[in-house]
Amino acid sequence: MDKSKRLYFKSKRSFRRRLPPIGSGDRIDYRNMSLISRFISEQGKILSRRVNRLNLKQQRLITIAIKQARILSLLPFLNNEKQFERGESTTRTTGLRIKKK
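Scoring rules and cut-offs
- Residues numbered from 1 in each chain as written.
- Predicted model: local features only at pLDDT ≥ 70, side-chain atom pairs only at ≥ 80, totals over all residues.
- Heavy atoms only, no water.
- UniProt positions renumbered as here; feature names shortened; annotations may be inferred.
- Helix = DSSP H or I, 4+ residues; strand = E, 2+ residues; numbered from the N terminus.
- Buried < 20%, exposed > 50% of the residue type's maximum accessible area, 1.4 Å probe, protein only.
- Salt bridge = Lys/Arg side-chain N within 4 Å of Asp/Glu carboxyl O.
- Contact = heavy atoms within 4.5 Å.
- Patch = residues over 30% accessible without salt bridge, like charges linked within 9 Å, V, L, I, M, F, W, Y side chains within 5 Å.
- Areas by Shrake-Rupley, 256 points an atom, 1.4 Å probe, with all protein chains shown as cover.
- Core = buried A, V, L, I, M, F, W, Y, C linked by side-chain atoms within 4.5 Å.
- Expected span 1.5 Å × (residues − 1).
- Arc of directions from axis to C-beta.

The protein chain carries the name Small ribosomal subunit protein bS18c in an unreviewed UniProt entry, which gives Ostrya rehderiana as its organism. Regarding the protein chain, the UniProt comment filed under Sequence similarities (unreviewed entry) reads as follows: "Belongs to the bacterial ribosomal protein bS18 family." Under Subunit (unreviewed entry), UniProt gives the following word-for-word description of the protein chain: "Part of the 30S ribosomal subunit."

Next up, the structure:
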């Protein structure tokens, strides 16, 4: 068979269709923290539509709800879990340096 005339067959693997992340009964509101927390990254950033698998209207409502929750102090603006601790190894010497001639 010639390469140009070769037919490309689709693979016969079946795939499972993912369920939508927001059900029909879920209400998008700033008080619904269990729903809102699914659309925020570990750093506290709002995830994109492509990652969330939301349509445009749902993504806008989620974004508005997250921003309202941040303003009302229900969510932090930044989620910095790393606490910087100064140990003995990072102490600085404040003495003057003497130049040797």
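Moving on, there is more to tell.
On a plain count of helices and strands, the protein chain comes out with 3 helices and 0 strands. Along the protein chain, from the amino end to the carboxyl end, the secondary structure elements read α-α-α. Counting every position in the protein chain, which comprises 101 residues, the buried fraction comes to 19%.

A full pass over the atoms with the stated rule returns 2 salt bridges. One salt bridge in this structure joins D29 and R31, with 2.8 Å as the shortest N-O distance. Looking at R31, the relative accessible area reads 59%, which means it is exposed.

A separate point is the environment of F39. Checked against the element boundaries, F39 lands in the loop between helix 1 (33–36) and helix 2 (49–52). Residues in contact with F39, not counting those within four places in the same chain, are P21, I22, K45, I46, L47, N52, L54, I62 and I66.

Residues I71, L72, L74, F77 and L78 make up a contiguous nonpolar surface patch of roughly 560 Å² in combined accessible area. With respect to the helices, strands and loops of the structure, L72 is situated in the segment after helix 3 (56–71). Residue L72 is classed as partly exposed on the basis of its relative accessible area, which comes to 49%.

Before going further, it helps to spend a moment on the nonpolar core. With 11 residues, the main nonpolar core is built from I22, L35, I36, F39, I40, L54, I62, A65, I66, A69 and L75. Looking at this core, the elements that each hand over two or more residues are helix 1 and helix 3. Filtering out sequence-adjacent residues up to four positions away, I40 remains in contact with K45, L47, I66 and L75.

What follows deals with unusual backbone geometry. Its identity as a non-glycine residue notwithstanding, R53 has a phi of 60°, on the positive side. If you check the backbone angles, S73 has positive phi at about 65° while not being a glycine. Inspection of the secondary structure puts S73 in the segment after helix 3.

Let us now look at helix 3. For an α-helix, the turn length of 3.6 residues means that residues three or four places apart are oriented alike. Taking 1.5 Å of rise per residue, the 16 residues of helix 3 would be expected to cover 22 Å, and the 23 Å separating its terminal C-alpha atoms lies within 8% of that figure. Within the sequence span of helix 3, burial applies to Q59, I62, T63, A65, I66, A69 and R70. Seen along its axis, helix 3 keeps its buried residues to an arc of 165°; they face one direction. Pointing more than 90 degrees away from the buried face of helix 3 are the exposed residues K57, R60 and I71. Taken together, the buried residues of helix 3 touch helix 1 and helix 2. Positive backbone phi, approximately 65°, marks S73, located one or two places after helix 3.

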